[in-house]
Amino acid sequence: MSHLSERPEKPVVGVSMPHESASLHVTGTALYTDDLVHRTKDVLHAHPVQVMKAHGRITALRTGAALAVPGVVRVLTGADVPGVNDAGMKHDEPLFPDEVMFHGHAVAWVLAETLEAARLGAAAVEVELDEKPSVITLQEAIAANSFHGARPLMLTGDVDAGFEDSAHVFTGEFQFSDQEHFYLETHAALAHVDENGQMFVQSSTQHPSETQEIVAHVLGLHSHEVTVQCLRMGGGFGGKEMQPHGFAAVAALGARLTGRPVRVRLNRTQDLTMSGKRHGFHATWKIGFDTEGRIQALDATLTADGGWSLDLSEPVVARALCHIDNTYWIPHARIAGRIAKTNKVSNTAFRGFGGPQGMLVIEDIMGRCAPLLGLDPMELRERNFYRQGQSTPYGQPVLHPERISTVWQQVQNDAGIAGRRREIAAFNATHPHTKRALALTGIKFGISFNLTAFNQAGALVLIYKDGSVLINHGGTEMGQGLHTKMLQVAATTLGIPLHKVRLAPTRTDKVPNTSATAASAGADLNGAAVKNACEQLRGRLLQVAGTQLGANASDVRIVEGVARVLGNDKELAWDDLVRTAYFQRVQLSAAGFYRTEGLHWDAKAFQGSPFKYFSYGAAAAEVEVDGFTGAYRIRRVDIVHDVGDSLSPMIDIGQVEGGFVQGAGWLTLEDLRWDAGDGPHRGRLLTQAASTYKLPSFSEMPEEFNVRLLENATEEGAVYGSKAVGEPPLMLAFSVREALRQAAGEFGPGGVSVELASPATPEAVYWAIEAARKGGVPHDGRAQGGSEVPADASALSHA
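Predicted model, so just to flag it, every value in this text is computed and none were measured.

Asks: Looking at this structure, how should I read helix α14 (residues 482-494)?
Replies: Each full turn of the α-helix corresponds to 3.6 residues, which orients residues three or four apart in the same direction. In this model α14 runs 18 Å from its N-terminal to its C-terminal C-alpha over 13 residues, within 8% of the 18 Å that 1.5 Å per residue would give. One or two residues past the end of α14 sits G495, with phi positive at roughly 80°.

Asks: I keep staring at the pattern of salt bridges and nothing clicks. Help me out?
Replies: Should their charged atoms come close, side chains of opposite charge can pair. According to the stated counting rule, one finds 53 salt bridges in the structure shown. In this structure, E703 engages R633 in a salt bridge whose closest nitrogen and oxygen atoms are separated by 2.4 Å. On the criterion of sequence distance, the pair formed by E703 in the loop between α17 (649-668) and β29 (704-709) and R633 in strand β28 (residues 632-641) is long-range, its members being 70 residues apart. Note on R633: relative accessible area 33%, which makes it partly exposed. Each of E363, D364, R368, R381, R737, E738 and R741 takes part in a single network of salt bridges with overlapping partners.

Asks: It is not clear to me how the confidence of the model for the chain should be interpreted in this structure. Could you clarify?
Replies: Note that predicted coordinates carrying low pLDDT should not be read in detail. Looking at the chain as a whole, its pLDDT mean stands at 95, while 97% of the residues score no less than 70. Ignoring residues within four places in sequence, the model shows residues 778-799, a span with pLDDT below 50, making 56 contacts including any to other chains.

Asks: Got a minute to help me understand unusual backbone geometry in this structure?
Replies: Leave glycine aside and you will find that most residues have negative phi; peptide bonds, for their part, are mostly trans. That bond from S758 to P759 is cis: its omega, 10°, falls within 30 degrees of zero. Looking at where P759 falls in the secondary structure, it is placed in the loop between β30 (752-753) and α19 (762-773). The phi torsion at E560 lies on the positive side, around 50°, for a residue other than glycine. Within the secondary structure, E560 sits in the loop between β21 (556-559) and β22 (562-565).

Asks: Please explain the pairing of β22 as it appears in this structure.
Replies: On any regular strand, side chains alternate: one points to one face of the sheet, the next to the other face. In terms of strand pairing, β21 meets β22 through 4 bridges, oriented antiparallel. Of the residues in β22, the one forming a bridge with I558 is A563. The hairpin formed by β21 and β22 contains 2 residues between the paired strands, and E560 there has a positive phi angle of roughly 50°. Pairing geometry for β22 and strand β23 (residues 571-573), over 3 bridges, is antiparallel. By the bridge assignment for β23, A563 is matched with L572. Turn length for the β22-β23 hairpin, with the two strands adjacent in sequence and antiparallel, is 5 residues, and the turn residue G567 shows positive phi of about 90°.

Asks: Any chance you could explain the nonpolar core here in plain terms?
Replies: Nonpolar side chains tend to gather and get buried jointly when the protein is soluble and globular. Core analysis: the biggest nonpolar cluster contains 105 residues, and W285, I287, F289, L298, L302 and I335 have the highest contact counts within it. No other element matches helix α10 (residues 355-373), which puts 10 residues into this core. Judged by nonpolar contacts, the second largest core, of 54 residues, contains F449, M486, A545 and Y720.

Asks: It is not clear to me how the packing of aromatic side chains should be interpreted in this structure. Could you clarify?
Replies: Two numbers describe a pair of aromatic rings. These are the distance of the centres and the angle of the planes. All told, the structure shown has 17 aromatic pairs when counted by the stated rule. Plain terms: the ring middles of F176 and W666 are 6.3 Å apart, the flat faces sit at 75° to each other, and that makes the pair edge-to-face. Residue F176 is found in strand β8 (residues 168-176), and its partner W666 is found in helix α17; the two are separated by 490 residues along the sequence. The residues F176 and W666 share a single accessibility class, namely buried.

Asks: So what exactly am I meant to see when it comes to the sheet that holds strand β6 (residues 126-131) here?
Replies: Where strands meet in a sheet, backbone hydrogen bonds hold them as pairs that are either parallel or antiparallel. An order of β4-β2-β6 is seen for the 3 strands of this open sheet, with the pairing classed as antiparallel. Strands at the two margins of the open sheet, each flanked by one partner only, are β4 (99-100) and β6. By the bridge criterion, 2 bridges tie strand β2 (residues 56-62) to β4 in an arrangement that is antiparallel. Bridge assignment links G56 to a residue of β4, and that residue is V100.

Asks: What am I meant to see in α10 here?
Replies: The end-to-end C-alpha distance of α10 is 27 Å, a good match for the 27 Å that 19 residues give at a rise of 1.5 Å each. With 19 of its 19 residues buried, α10 lies for the most part within the structure. Once α10 ends, the next one or two residues include G374, with phi positive near 70°.

Asks: Looking at this structure, how should I read the sheet that holds strand β27 (residues 613-626)?
Replies: Taken in spatial order, the 4 strands make up an open sheet running β16-β27-β28-β29, and their pairing is mixed. Every other strand in the sheet has two partners, leaving β16 (434-447) and β29 as the edge strands with one partner each. Neighbour to neighbour, the strand axes of the sheet diverge by 15° on average, direction disregarded. In this sheet, β27 lies alongside β16 in antiparallel orientation, the contact comprising 14 bridges.

Definitions and limits used
Residues numbered from 1 in each chain as written. Predicted model: local features only at pLDDT ≥ 70, side-chain atom pairs only at ≥ 80, totals over all residues. Heavy atoms only, no water. Helix = DSSP H or I, 4+ residues; strand = E, 2+ residues; numbered from the N terminus. Expected span 1.5 Å × (residues − 1). Salt bridge = Lys/Arg side-chain N within 4 Å of Asp/Glu carboxyl O. Buried < 20%, exposed > 50% of the residue type's maximum accessible area, 1.4 Å probe, protein only. pLDDT = per-residue confidence, 0-100. Contact = heavy atoms within 4.5 Å. Pairing = 2+ DSSP bridges. Core = buried A, V, L, I, M, F, W, Y, C linked by side-chain atoms within 4.5 Å. Phe/Tyr/Trp six-rings, centres within 6.5 Å; stacked < 30°, edge-to-face > 60°. Axes fitted to C-alpha atoms, helices over the stretch in contact; angles between N-to-C directions.

The following block contains the structure:
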């Protein structure tokens with residue numbers, strides 16, 4: 001077993017415990033960025049000046065009327081920026097634009113003594129606009145050839161030969177929705193200048209180092225003149241990886257110009273209309289199967305709705321291409337990716353980061369093609385699983401492919417699939433207007449940042465004279481339990497009880513140049529860095545203990561806060577050991593570092609091994625559907641998920657449950673709508689609140705929800721044998737969508753291909769039922785040597 005994955009005697013990792021801030025969360029005493037406003041004197045409040053047109057050049061911006069509003073102190077415009085007027089890493093996102101690029105684009109910010117005064121001041125700002133044509137939908141962008149950024153192409157094998165060898169070839173297209181993050185805490189920042197002229201920014205950000213970098217270049221400062229701190233976030237889900245930087249920069253600019261603290265906090269409507277979403281996608285595809293239903297070739301084009309600027313769209317598309325295979329071996333593939341430029345908010349990272357979009361395409365294909373091949377969907381999926389020695393279309397060997405089958409089989413056993421399917425068949429035979437279905441889907445998700453350089457982390461660990469320990473690391477806490485795991489890692493590595501360890505807020509002046517807490521890599525990267533720092537400290541303390549106990553340092557173990565010599569009764573308490581080390585002038589602080597080994601990626605050739613490992617999982621979902629309305633309920637869900645040897649089982653099970661529910665929301669409920677008409681509100685987001693944007697609630701939860709972590713699953717080369725958990729479970733929700741597809745098919749004759757819109761709202765399910773009743777896409781003579789479904793017959797029908 002590798003040094004990184006080996007666990008010592010009586011580890012604190014692997015013990016189920018609640019979130020380190022759980023009691024603070026439920027009692028309302030946990031502090032978030034905006035709570036700090038009430039502890040800060042003389043704060044100014046910022047309000048955006050939004051232009052409610054989708055596209056146009058600003059011809060006049062008059063701020064005089066705003067300055068006349070009582071309480072207004074200043075209006076920030078592009079003329080006030082001392083550095084670079086840009087909030088993005090691609091330099092394509094002007095902080096104060098001279099061209100409005102989406103409905104609700106902020107072109108100036110008003111600072112005032114109260115938020116209401118700032119709001120009234122913003123309403124008084126006069127903006128004249130030379131309106132221009134806008135592109136709102138993906139179809140419009142494709143028709144207008146409106147694209148930006150890279151156009152990656154992933155090739156493997158001989159695609160044309162693969163289709164020639166295929167007994168069955170199908171084509172189709174599929175468009176599916178974007179998704180709003182809807183974190184409980186909206187974007188927030190609080191900035192002030194200290195007595196030395198240093199800028200200090202409190203920000204609800206997943207990427208403090210990049211927030212620091214953007215603030216510095218907007219203000220014309222060096223990074224060492226800017227400190228960014230993140231206490232915690234009330235949810236992030238990727239929406240606070242890139243998007244917080246501009247809001248932090250506005251607060252910092254206001255503080256720099258006025259000499260007073262400045263607060264930016266978006267209300268819910270502003271957050272919804274100004275911040276990016278999960279990328280909606282459009283896919284066209286052609287797939288070939290042999291006579292046994294095994295995939296021979298896949299040719300697909302994935303188009304992502306990037307919005308008005310690039311943000312993270314390029315790596316999102318890259319990850320979508322890298323995950324279109326999911327758990328299936330595709331010997332011949334040609335997958336193209338592109339980014340549509342539309343006049344909408346700039347879409348950004350969202351849990352799964354393109355992986356869900358790529359995987360949804362292949363799962364939709366499998367669900368649609370199984371009836372046409374005369375195969376049960378479970379059987380079709382299982383026949384195409386990766387086997388030992390096979391590689392992905394981008395050339396990475398799939399290690400531990402047996403885990404795909406292991407979790408698959410364990411879910412079947414746990415859920416009693418065979419018996420329940422017989423019960424469902426009997427129910428459906430006697431219920432003409434209500435149908436049930438049970439679907440099983442699996443996942444394979446790569447862990448690491450696509451950009452190799454991001455796979456590094458640092459930590460700073462301090463031991464004080466009284467034996468207490470303070471750890472700093474570069475990861476941020478957004479409710480996912482990262483800090484809890486880091487406390488467990490530190491206590492395990494040092495060999496001390498958990499209560500002796502405390503964690504400091506994430507700050508750029510403690511650990512520099514950190515990567516975003518994203519890509520599910522937070523525990524992998526930061527945990528290894530914390531472990532490295534603690535190992536340095538433990539090594540020094542073992543030398544001291546060996547001298548005190550008259551033994552070699554290699555014979556000393558620190559377990560549960562006591563240093564003992566192997567083979568005898570000599571021991572030294574942790575507090576005494578630390579105190580002794582201090583008086584011997586032994587350094588009691590250490591900076592840890594970790595870089596993920598074994599990664600390589602050629603972005604141009606789209607080949608390499610970009611991931612440290614793959615996480616696996618499988619889920620079975622049973623649904624019941626009403627044939628009159630399309631309304632449905634999720635009767636039961638069973639999940640087995642691979643997190644290696646869990647660092648914190650209670651945290652991980654919570655993440656699996658939460659990820660699944662968020663995925664089910666994306667696939668079945670959450671339906672973002674934009675005004676694509678030619679009227680005065682073209683480009684306006686129509687679903688601007690929880691009243692019009694349906695989020696999962698208790699009523700959408702499975703009536704029975706069983707989650708189990710895969711056992712005996714140590715991951716070599718990862719911190720204490722664990723695996724990432726944040727993103728992969730979201731894709732387990734494919735099982736719900738596939739169950740709904742199968743239930744809709746039960747209303748029609750056998751052997752029909754059911755097309756299902758995404759999100760599969762009750763309305764969409766109703767129309768899928770109606771299509772199934774009319775025969776859907778029929779099975780057309782597979783025995784005669786193959787079948788071809790024309791693109792128009794297999795296209796997604798919009799409910």
